[in-house]
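Remarks on the overall topology
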Amino acid sequence: MTVERPGLRLLITMNLGFWGVQIGNGLQLTNASAIFESLGADVSQLPLLWLGAPLMGLLVQPIVGELSDRTVSPWGKRQPYFLGGALLGAVGLVALPWAANLTQAVALYWLLQLALNISIAPSRPFVGDLLPTRYLTWGYAIQGFCIGLGAICAAGLPWLLGHLLHLKPAAEATSTGVPAVIGGAYMVGAVLCLGSTLGTFWTVNEPPPHQSTAELALEPEAEALNPIQAIAQAMTSLPPMMRQLAGVQALTWAGIYCIFLYLPNAIARNILGAANRDSLSYAHGVEWAGLCTAFYNLVCLGVSFLIPMLSRRWGRVTTHATCLMAGAVGLLSLLLVHDRYSILLSMVGVGIAWASILSIPYSLLMDELPESQSGVYMGLFNGCVTLPQIAMSLGFGWVMRNLLHGNRLSALALGGILLGLSALLMLRVPEPVVQREAESLPDNLAEESGRALDNKVLSP
């Protein structure tokens, strides 16, 4: 069952918990490399140390997605996983910055990635459960907005705490080797992650399970089919759109992984010229990189609301290809940048691409997924995100040492090339013929935002 005419209130509350989880994820993306390096990691070790993120995504998301497809509980089939992952994630966020050595930090990083993936796995099918087909692009655009807003909050928390609470600046490490502002940011992030997830849990009631889902959960034969068998069975009948998008997603996320790994230190060392990690100029460079991350996510926020209208005018395939090419130009232009303010111009292209990456592929895929299996297929689709990142984690350290000679800016340029190739490959995907009443914001949405929705979906 879906809401026939969703209001803005539902679109916000259903993604509130997702926003909190993305703050935790954003703290990891912004600070994990800096934490590892502060505890003694070498730049060539970073891809391997980051392996926990894609590996946990590859293993956890299909399993949790499949389990949530068949879960029947008083709290719905997706929300128990949201809340459980958020609880575990809050614990990981509090503990990670206080790791005494690199080994402890990596172990806690893997635990946190496990928790975040448990929460993230049901979030994509959750939109499809609640919204009718013609509003899916808007639903995923709001999710993209939440990712951008979460990343902005995560990037800005260390700066905010440093100026309001006068915590130690980034150049002054605590006894654990991690800057005090980073530790404080992780603690605040834990509160926001858990609190926002509870907000969604208390305000949004999932619709009753589809009949086939309830039957699937009750049949003894279905219970005998364990999650691994169910995933293997689903892999034999992948939707055509999923196969067509696989190569695009693989190239896209290999390029995005270069940003995750190297953007902060590339800005500090290669563009702004910091001599070493112990210098004050390096600390200022990393702080500026955090603001650049916040800026491209701010661009993502604005573009997220344009994606449905651009998709209606040009089609989702052309819109996505154009946005990916904008990201490629943004990353490659960093080779020509020599001052901090010009970096922001490059980040505009990255933000445009990021908005599309977080919405259009999932909207295209969700059109073809049966409700009773949307979780497992979305989990499998995540393999197109995680497998290239695992390959990068295992092999890119060699590339950095032997081909790029430790130049982080060259790694970002390579990411731009990969995004450009994904844009060209996207043009080979046929535009789906789907009859929608509207891709733009419906006229009644603003009016209904202040009204209470059907109590089967949104509790008062």
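Owing to the predicted nature of the structure, the values given are computational and were not obtained by experimental measurement.

As a further point, take the overall build of the protein chain. Looking only at helices and strands, the protein chain features 20 helices and zero strands. Counting only residues that meet the buried cut, the protein chain has 59% of its 460 residues in that class. When contacts within the protein chain are restricted to residue pairs at least 6 apart in sequence, long-range pairs at least 24 apart make up 84% of them. Split by element, the accessible area of the protein chain, about 18,000 Å² in all, is 66% carbon and sulfur.

Attention shifts here to the packing of helix H13 (residues 280-314) against helix H15 (residues 340-357). It is at 7 Å that the axes of H13 and H15 come closest, and there the two elements cross at 40 degrees. When the axis of H13 is compared with that of H15, the two are oblique. As for the relative orientation of H13 and H15, their crossing is right-handed in sense. Here H13 contributes Trp288, Cys292, Phe295, Tyr296, Asn297, Val299, Cys300, Val303, Ser304 and Ile307 to the contact with H15, which in turn contributes Arg340, Tyr341, Ile343, Leu344, Met347, Val348, Val350, Gly351, Ile352, Trp354, Ala355 and Ser356. For the contact of H13 with H15, the per-class residue count stands at 17 nonpolar, four polar and one charged.

Looking now at helix H3 (residues 52-70). Its 19 residues give H3 an end-to-end C-alpha distance of 27 Å, which sits within 8% of 27 Å, the value for a rise of 1.5 Å per residue. The sharpest bend along H3 reaches about 30 degrees and sits at Val60, with the proline Pro62 one to four residues further on. With respect to burial, H3 is a largely interior element, 14 of its 19 residues being buried.

Here the focus is a nonpolar patch on the surface. Together, Met325, Val329, Leu332, Leu335, Leu336, Ile417, Leu421, Leu424 and Leu427 give the surface a local cluster of nonpolar side chains, amounting to about 840 Å² of exposed area. When contributions to the nonpolar patch are tallied by element, the ones reaching two or more residues are helix H14 (316-332) and helix H19 (408-426). Along the chain, the position of Leu332 falls in helix H14. Here Leu332 falls in the partly exposed class, since its relative accessible area comes to 33%.

This brings us to the pattern of salt bridges. A complete count under the given rule lists two salt bridges for this structure. With a closest N to O distance of 3.0 Å, Asp69 and Arg78 form a salt bridge. Arg78 matches Asp69 in its accessibility class, with the two residues each being buried.

Here we come to the environment of Leu261. With respect to the secondary-structure elements, Leu261 resides in helix H12 (residues 240-271). Separated by 231 residues in sequence, Leu261 and Thr30 place their C-alpha atoms 9.1 Å apart.

With that out of the way, let us pick up unusual backbone geometry. Although it is not a glycine, His405 adopts a positive phi angle of roughly 55 degrees. On the basis of relative accessibility, which here comes to 66%, the residue His405 falls in the exposed class.

Time to look at the packing of aromatic side chains. Enumeration over the complete set of coordinates arrives at twelve aromatic pairs. Taken together, a centroid distance of 6.3 Å and an interplanar angle of 55 degrees make the contact between Trp50 and Tyr109 tilted. One end of the pair, Trp50, is in the loop between helix H2 (46-49) and H3; the other, Tyr109, is in helix H5 (residues 102-120), and 59 residues separate them in sequence. For Trp50, a relative accessible area of 1% gives the class buried. On the accessibility criterion, Tyr109 (1% relative accessible area) is buried. Consider the rings of Trp50 and Phe260, whose centres lie 6.5 Å apart with planes at 20 degrees: the pair is stacked. Pair noted here: Trp50 is in the loop between H2 and H3 and Phe260 is in helix H12, with a separation of 210 residues, a long-range link. By the burial criterion, Trp50 is buried, and Phe260 matches it.

Summarising the model, the protein chain shows a mean pLDDT of 80, and 85% of its residues fall at 70 or more. Confidence, expressed as mean pLDDT per element, reaches its minimum in the protein chain at helix H20 (residues 444-448) with 42 and its maximum at H14 with 96. Here residues 212-224 is a poorly scored stretch, pLDDT under 50, and it has 15 contacts once near neighbours within four places are set aside; other chains count. Across residues 435-460, confidence stays below pLDDT 50; counting only partners more than four residues off in sequence or on other chains, it has 58 contacts.

Now for the nonpolar core. Across soluble globular proteins, nonpolar side chains show a tendency to be buried alongside one another. Ranked by size, the top nonpolar core spans 121 residues in total, and within it Met14, Phe36, Ile343, Trp354 and Phe396 carry the most contacts. Of all the elements, H12 adds the most residues to this core, at 17 residues. Once residues within four sequence positions are removed from consideration, Trp354 is found in contact with Ile147, Trp253, Ile256, Phe260, Tyr296, Asn297 and Cys300.

Turning next to helix H6 (residues 123-130). Of all eight residues in H6, eight are buried, a share of seventy percent or more. Buried-residue contacts for H6 involve helix H1 (8-38), helix H4 (79-95), H5, helix H7 (136-164), helix H16 (360-366) and helix H17 (374-381).

For the pair H1 and helix H8 (residues 180-203), interaxial distance at closest approach is 6 Å and the crossing angle is 160 degrees. Of the possible angle classes, the one that applies to H1 and H8 is roughly antiparallel. Here the hand of the crossing between H1 and H8 comes out left-handed.

Once that is clear, we can look at the environment of Ile228. With respect to the helices, strands and loops of the structure, Ile228 is situated in helix H11 (residues 227-235). Taking the relative accessible area as the measure of exposure, Ile228 reaches 56% and is therefore exposed. For the pair formed by Ile228 and Glu66, sequence separation is 162 residues and the distance between their alpha carbons is 8.9 Å.

Take the side chain of Ser123 next. By the element assignment, Ser123 lies in helix H6. In this structure Ser123 comes out as buried when scored by relative accessible area, which is 3%. With near-sequence residues (within four places) excluded, Ser123 lies in contact with Phe18, Phe82 and Gln143.

So, how was this worked out
- Residues numbered from 1 in each chain as written.
- Predicted model: local features only at pLDDT ≥ 70, side-chain atom pairs only at ≥ 80, totals over all residues.
- Heavy atoms only, no water.
- Helix = DSSP H or I, 4+ residues; strand = E, 2+ residues; numbered from the N terminus.
- Buried < 20%, exposed > 50% of the residue type's maximum accessible area, 1.4 Å probe, protein only.
- Contact = heavy atoms within 4.5 Å.
- Areas by Shrake-Rupley, 256 points an atom, 1.4 Å probe, with all protein chains shown as cover.
- Axes fitted to C-alpha atoms, helices over the stretch in contact; angles between N-to-C directions.
- Parallel < 35°, antiparallel > 145°, perpendicular 65-115°, else oblique.
- Left-handed = near helix turned anticlockwise from the far one by under 90°.
- Nonpolar A, V, L, I, M, F, W, Y, C, P; charged D, E, K, R; others polar.
- Expected span 1.5 Å × (residues − 1).
- Bend = angle between axes of the 7 residues up to and from the residue.
- Patch = residues over 30% accessible without salt bridge, like charges linked within 9 Å, V, L, I, M, F, W, Y side chains within 5 Å.
- Salt bridge = Lys/Arg side-chain N within 4 Å of Asp/Glu carboxyl O.
- Phe/Tyr/Trp six-rings, centres within 6.5 Å; stacked < 30°, edge-to-face > 60°.
- pLDDT = per-residue confidence, 0-100.
- Core = buried A, V, L, I, M, F, W, Y, C linked by side-chain atoms within 4.5 Å.

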